[in-house]
Structure formats: C-alpha cells, structure tokens
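One-letter residues, chain by chain:
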Amino acid sequence: METTSRTAATAADTILVIGAGGQLGLELTHELRQLYGASNVVAADVREPKNDEVQQAGPFELLDVLDKPRLEDVIRHYKPKQVYHLAALLSATAEKNPKFGWQLNMDGLFNVLDAAIDLGVQQVYWPSSIAVFGPDTPRHNTPQLTVMNPNTVYGISKLAGEQWCEWYFRKHKLDVRSLRYPGLIGYKSLPGGGTTDYAVDIYHKAVAGQPYECFLKADTYLPMMYMPDALQATLDLMHAPADGLTVRSSYNLGAMSFSPEEVATSIRRHYPDFHISYQPDSRQQIADSWPASIDDAQARKDWGWQPQFDLNKMTDDMLLHLRLRQPVAEAIHVA
Ligand code: SER
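Residues numbered from 1 in each chain as written. Predicted model: local features only at pLDDT ≥ 70, side-chain atom pairs only at ≥ 80, totals over all residues. Heavy atoms only, no water.

S.K.: Looking at this structure, how should I read the pattern of salt bridges?
M.R.: Think of it this way: side chains of opposite charge can pair up when their charged atoms draw near. Inspection of every chain in the model, using the stated rule, returns 10 salt bridges. Residue Asp13 is joined to Lys81 by a salt bridge in which the shortest nitrogen-to-oxygen separation is 2.9 Å. A residue pair is termed long-range when its members are at least 10 positions apart, and Asp13 in the segment before strand S1 (15–18) and Lys81 in the loop between helix H3 (68–78) and strand S4 (82–85) qualify at 68 residues. Since its relative accessible area comes to 8%, Asp13 is described here as buried. Here Lys81 falls in the partly exposed class, since its relative accessible area comes to 30%. Measuring nitrogen to oxygen at the nearest pair gives 2.6 Å for the salt bridge that ties Arg300 to Asp296. Judged by its relative accessible area of 35%, Arg300 is partly exposed. Counted as one network, the salt bridges with shared partners bring together Asp175, Arg177 and Arg248. (Salt bridge = Lys/Arg side-chain N within 4 Å of Asp/Glu carboxyl O. Helix = DSSP H or I, 4+ residues; strand = E, 2+ residues; numbered from the N terminus. Buried < 20%, exposed > 50% of the residue type's maximum accessible area, 1.4 Å probe, protein only.)

S.K.: Where do I start with the site of the ligand in this structure?
M.R.: Looking at the ligand, the residues that line it are Leu90, Ser91, Ser129, Tyr154, Gly194, Thr195, Thr196 and Trp290. Note that an oxygen atom of the ligand is positioned 2.6 Å from one of the backbone N or O atoms of Thr195. Interatomic distance of 2.8 Å between a side-chain N/O atom of Thr196 and a nitrogen atom of the ligand. Summarising the interface, the protein chains cover 94% of the accessible area of the ligand, which totals 230 Å² for the free molecule. Taken together, the residues that form the shell around the ligand break down as three nonpolar, five polar and no charged. (Near = heavy atom within 4 Å. Polar contact = N/O pair within 3.5 Å; in protein donor to acceptor, adjacent residues only side chain to side chain. Areas by Shrake-Rupley, 256 points an atom, 1.4 Å probe, with all protein chains shown as cover. Nonpolar A, V, L, I, M, F, W, Y, C, P; charged D, E, K, R; others polar.)

S.K.: So what exactly am I meant to see when it comes to the packing of aromatic side chains here?
M.R.: Two numbers describe a pair of aromatic rings. These are the distance of the centres and the angle of the planes. In the structure shown here, the tally under the stated rule is 10 aromatic pairs. Judged by centre distance (5.6 Å) and plane angle (40°), the ring pair of Tyr84 and Tyr125 falls under tilted. One end of the pair, Tyr84, is in strand S4; the other, Tyr125, is in strand S5 (residues 123–125), and 41 residues separate them in sequence. Assessed through its relative accessible area of 0%, Tyr84 is described here as buried. You can call Tyr125 buried: its relative accessible area is 0%. Centroid distance Tyr251 to Trp303: 5.8 Å. Interplanar angle 80°. Geometry classified as edge-to-face. You can see Tyr251 sitting in strand S12 (residues 251–252) and its partner Trp303 sitting in helix H11 (residues 297–303), a full 52 residues away along the chain. Taken individually, Tyr251 and Trp303 each receive the classification buried, so the pair is uniform in this respect. Taken together, Phe110, Trp164, Trp167 and Tyr168 form an aromatic cluster joined through their ring pairs. Taking the ring centre of Phe215 as reference, the NZ or CZ of Arg283 above it sits at 3.5 Å. (Phe/Tyr/Trp six-rings, centres within 6.5 Å; stacked < 30°, edge-to-face > 60°. Lys NZ or Arg CZ within 6 Å of the ring centre and 35° of its normal.)

S.K.: Hey, could you run me through the nonpolar core in this one?
M.R.: Here is a general trend for soluble globular proteins: nonpolar side chains tend to be buried in one another's company. Ile185, Tyr198, Tyr203, Phe258, Phe274 and Met314 are the most contacted members of the largest nonpolar core, which totals 67 residues. When sequence neighbours within four positions are dropped, the list of residues in contact with Tyr203 reads Ile185, Val263, Ile267, Leu311, Met314, Thr315, Met318, Leu319 and Leu322. (Core = buried A, V, L, I, M, F, W, Y, C linked by side-chain atoms within 4.5 Å. Contact = heavy atoms within 4.5 Å.)

S.K.: In this structure, what is going on with the packing of helix H9 (residues 260–268) against helix H12 (residues 311–324)? I would like to understand it.
M.R.: How two helices sit against one another is set out by the angle between their axes and by the gap between those axes. Closest axis-to-axis distance for the H9/H12 pair is 9 Å, and the angle between their directions is 55°. Between H9 and H12, the angle falls in the class oblique. Note that H9 runs across H12; the crossing there is right-handed. In this structure, H9 uses Glu262, Val263, Ser266 and Ile267 to contact H12, whose residues at the interface are Leu311, Asn312 and Thr315. Per-class residue counts for the contact of H9 with H12 are three nonpolar, three polar and one charged. (Axes fitted to C-alpha atoms, helices over the stretch in contact; angles between N-to-C directions. Parallel < 35°, antiparallel > 145°, perpendicular 65-115°, else oblique. Left-handed = near helix turned anticlockwise from the far one by under 90°.)

S.K.: Sorry, what's going on with the environment of Val17 here?
M.R.: With respect to the element layout, Val17 can be found in strand S1. Considering only alpha carbons, one finds Val17 and Val41, 24 residues apart in sequence, at a separation of 7.3 Å.

S.K.: For this particular structure, what's the right way to read the sheet that holds strand S7 (residues 175–177)?
M.R.: Neighbouring strands of a sheet are bound in pairs by backbone hydrogen bonds; such pairs are parallel or else antiparallel. With parallel pairing, six strands are arranged side by side in an open sheet as S3-S2-S1-S4-S5-S7. Unpaired on one side and paired on the other, strand S3 (60–62) and S7 mark the two borders of the sheet. Strand-to-strand twist of the sheet, defined as the mean angle between neighbouring strand axes without regard to direction, takes the value 20°. The pairing of S1 with strand S2 (residues 41–45) spans four bridges and is classified as parallel. Each bridged residue has a counterpart across the sheet, and for Ile18 the counterpart in S2 is Ala44. The sheet contacts of helix H8 (residues 227–239) involve S4, S5 and S7, and relative to S5 the element is tilted by about 155°. (Pairing = 2+ DSSP bridges.)

So, in structure tokens, the structure goes:
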C-alpha cells in the first residue's frame, strides 16, 4: 500500500496499537509493521488475539486500557512516539451494556490522552464514527458541521470523545487526530457488535454457499468503506503536516453508500443463486438514526483524501480473498 507521505514517524520510532486484535487493529498493526518494521510496532490487546499474526510478527502486550498503571508501564517501557487507541465497544454491544460501553469508551480515552501528556507521546490516533450523528442530522451527504444529537451509547461516547480530543489539542497541544469511520468491511477478521457488520457477514455466507438472513431492512442505506481505504485514510491523516489540519475533533470520511439489497445484487454477479432474507432487529433503529451518506469535503481539502473502492470493486476483492481462505473443494467455485 502506498501512503502519501511519511513525515509523522521515522522508521526508528516506536508505535503502540491498543486494540490490535480487533477488526481495524489487526490490519492497521500489519500495515504499520510493513511501514516501520515489525519490531517498532507494539501490538496490545485485552485478549490474546485469535489471529496469532499480531502476536508473532512483532512485540505484543496484554493490556486493558482501563488499567492505567499498566498502560503507563507499557508506555514507559516502549516509549512510543505514536499511540493508536482503537479499543472500544461498538454500537450494538454498547446498547446492551451501556455503563460498560461508556466506561470503556470514555475512561479508556482519558487514560490514553493523560498518559500521552504525562509520558511524552507525540501523537495519538483515536477513531470516531458515523454514530456521532443522530435522527435530527441531515441524512444525505451529512456535513462535517451539523446537528449531531446521537441517540446510542456508542454515538454519545464518540461525540463526547471527539470534543475531548479537541480540548486536549487546544489545552495541552497534544497532537490528537481522528476520523469518523463509516462501516468498515474487510476479509481478514470478523467485526464484533456493530450495526454495519452485516456487510461483512454477508460475504462470508456467500462464499460458504449459504443464504444470508439480514438484521437490517433491504433498503437501509449506510455509509461504508473497504478496509484498504480505511487504512490509507488513517495513515494519510497521521502523516499529514499538522498545520494543514483544520479539524481536531474528527474528520467526516466517506467512500460509498449502499443497502443490503445492493450488496446482494453485487454478490450475485459472482454467485447468481445467492439468497438474502430480511429479519430486522433492534439494530434497524440504530441504522435509521445514522446518515445514509457523508460529505467528506474537508478531509479531501485538508489532507487529500480520495477513496479507491466502490461497491463492485470491493465485492470482487472480498470474494476473491475469502475464496482463497476456503477449503480447496469450495475454492473451485469461482465465477
Ligand atoms: N461500524 C460501527 C458500528 O456499526 C459504526 O462505526 O457500530
């Protein structure tokens, strides 16, 4: 993967990724290790990752971000210049466990921001989400600055987190950077507990030759992004010169917008018999409160954001890679 510039960290700098076993963390850790050298990128997670690439390809630390003394020990030991703090409860899970969702998403962020200031970390990356928007927000082409009023625990915690990031930037000159990710879709790992996750599961079912029962309605449009674009955006933002950044809460970030029905149609170009049915559950309400598409003009202007993948291009790539991971007998079922 090409990145536009590499000014933020040099090859010898150390980087800490907290939540390295998650959907984004797994891929970001891999990408950072390619860029900076495996031994310079410390992966940390609350659990031993199921995918042992994270653990075996470079340094790994078991770390609960709510355990501040342990977090500080890890930072003191490795002296990272950058920390990527990705540990969070996603929307559907946080709705089921609101107090813990709030605690993990907020106290975890405070621990990282405070430790960064106290221990001399230069840059912090923290992901926000389309969940910061709510039912009062303009749904189409949602602007960077608009009515927010999120109505999920996850969204409330992300919006509060954004404001805190901006506050730490203003008050403490901490170089915090953030993106409002749309739903992220990748083939390397399964996401956990998100409302947009149907768009990952559906591909796994298609490749396994199984029908898919979707928990959202057929015509539910949400902003989405393929993982390579998300990685590119993250690294481009982190490498961008600080004086060009006008947003210190979190940047709107868009790539594509589609509905479950459109994903199924895209999949049928490869698997004509693929069957989808719809059984909306509580996640429908969450999806209905979020934007359908995002205006990311500020990100394009400030640091040159430009997505590469649309729905069909993503579908082709997802299916190709998932098939390569299938047993041989199923892998011969190619379009
Ligand atoms: N993908 C997230 C979720 O569905 C939104 O940022 O919770």
